[in-house]
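Residue-level structure breakdown
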Amino acid sequence: MTEALLTHPRLITLEGGEGAGKTSAITAVRELLQARGHDVALTREPGGTPLAERIRELLLDPRDEALAPETELLLMFASRAQHVRQVLRPALQRGAFVVSDRFTDSSYAYQGHGRGLDAEWIAALERRAVGLKPGLTLLLDLDVREGRARTAGRDLWPDRIESEQDDFFERVRAGFRARALAEPGRFRLIDASQPPVAVGAAVTDALSAYLGTLTDSDLA
Ligand code: Z5A
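Described in the following lines is the structure provided in the data block. (Residues numbered from 1 in each chain as written. Predicted model: local features only at pLDDT ≥ 70, side-chain atom pairs only at ≥ 80, totals over all residues. Heavy atoms only, no water.)

On to the packing of aromatic side chains, then. Under the counting rule described, the total for this entry stands at three aromatic pairs. Taken together, a centroid distance of 5.2 Å and an interplanar angle of 85° make the contact between F168 and F169 edge-to-face. Given the relative accessible area of 2%, F168 is considered buried. Site record: aromatic cluster; members linked through ring pairs are Y110, F168, F169 and F176. Over the face of the ring belonging to F103 we find R80, whose NZ or CZ atom lies 5.6 Å from the ring centre. The cationic tip of R179 hangs over the ring face of Y108; the distance from NZ or CZ to the ring centre is 3.7 Å. (Phe/Tyr/Trp six-rings, centres within 6.5 Å; stacked < 30°, edge-to-face > 60°. Buried < 20%, exposed > 50% of the residue type's maximum accessible area, 1.4 Å probe, protein only. Lys NZ or Arg CZ within 6 Å of the ring centre and 35° of its normal.)

Moving on to the pattern of salt bridges. Tallied over the entire structure, the rule returns 21 salt bridges. In this structure, R179 and D105 form a salt bridge, with 2.7 Å as the shortest nitrogen-oxygen distance. With R179 in helix 7 (residues 166-182) and D105 in helix 4 (residues 104-114), this residue pair connects regions lying 74 residues apart in the sequence. On the basis of relative accessibility, which here comes to 14%, the residue R179 falls in the buried class. We note a salt bridge from D166 to R145, for which the minimum N-O separation is 3.4 Å. Taken together, the residues span a long stretch of sequence, with D166 in helix 7 and R145 in helix 6 (residues 144-151) at a distance of 21 residues. Given the relative accessible area of 24%, D166 is considered partly exposed. Several salt bridges converge on common partners, so that one network encompasses D105, K133, R179, E183 and R186. (Salt bridge = Lys/Arg side-chain N within 4 Å of Asp/Glu carboxyl O. Helix = DSSP H or I, 4+ residues; strand = E, 2+ residues; numbered from the N terminus.)

Functional significance is not addressed by these values, which are geometric in nature.
Here you go:
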C-alpha cells in the first residue's frame, strides 16, 4: 500500500459545482489533446469502471436511507481506489492523457467542506488509497443558483447530492475556491458564467499554456 502522493502531468481533472459546464469543457480538452496527436482516456468519478459505477449508484440513488457522511466519503474512496487501479494507472502507463470529470478535489469540497468531515482524514485516504494527483485541474466556478437553474427539471428526481440545500453548495464552492487558492500551480480558475463559447476558449487557452510547460519526459 502506497503512502506517496505522485503528481502526474498527464492526469487532468475538471471540477466545479452542479451545472458548471464540465461536459462541454471536457469535449474541448479532448479535442485539443487529440489535435496535438495525444492518446486520450476520458473518465469520470464517482465511477469509471463497472464496479465503481455500481458504487456510484449506491452513492446517488436517493431511495435508500440517508447515507452517513462517513459512509459517503468511504464509498467515494472505494470507487476511486478501483478507478485508479483499473483505469488511471494503466492509461498513464501506456502514455495516454487521462481526463477525469471530477477526482479527489471533489471529496475535499463535498465531503470535507460540504459535510464537515476532517480534511486530515481525506488527505490520509488520498495518500493511502489513491496516491495520484493531477498535474492540471480546471475549476469551473459558477454562482450556485445559476448552476442549479441550468440543471433544473433535467432529471425525474434529484439524486442524493442534488437534493441538498443551497448552503451546502455554497460551502462546496468555497471549498473548491480555497483549494484553487492554496495550489495556484495546479489549478486554473475558469469563469463558468460566460457563454459556452467563451468558457471553451478559456479552457483551451489554459490547457495550451499548461501543455507548453510539459517536457518530453512528462509526455513519454
Ligand atoms: N461527488 C462528491 O460528492 N464527492 C466526490 O468525491 C465526487 C463526486 C467525485 C455526481 O457527479 C455527484 O457526485 C456530484 C458531486 C458528487 N454532485 N453534485 N452536485 P456528477 O459529475 O455526475 O454531477 P454534476 O457535476 O452535478 O453534473 P452536472 O450537474 O451535469 O454538471 P456539469 O457536468 O458541470 O454540467 P453540464 O452537463 O456540462 O451542463 C449542465 C447544463 O448547463 C446543460 O444543460 C448545459 O447545456 C448547460 N450549460 C453548460 N455550460 C453553459 C454555459 N456556459 N452557459 C449556459 N448554459 C450552460
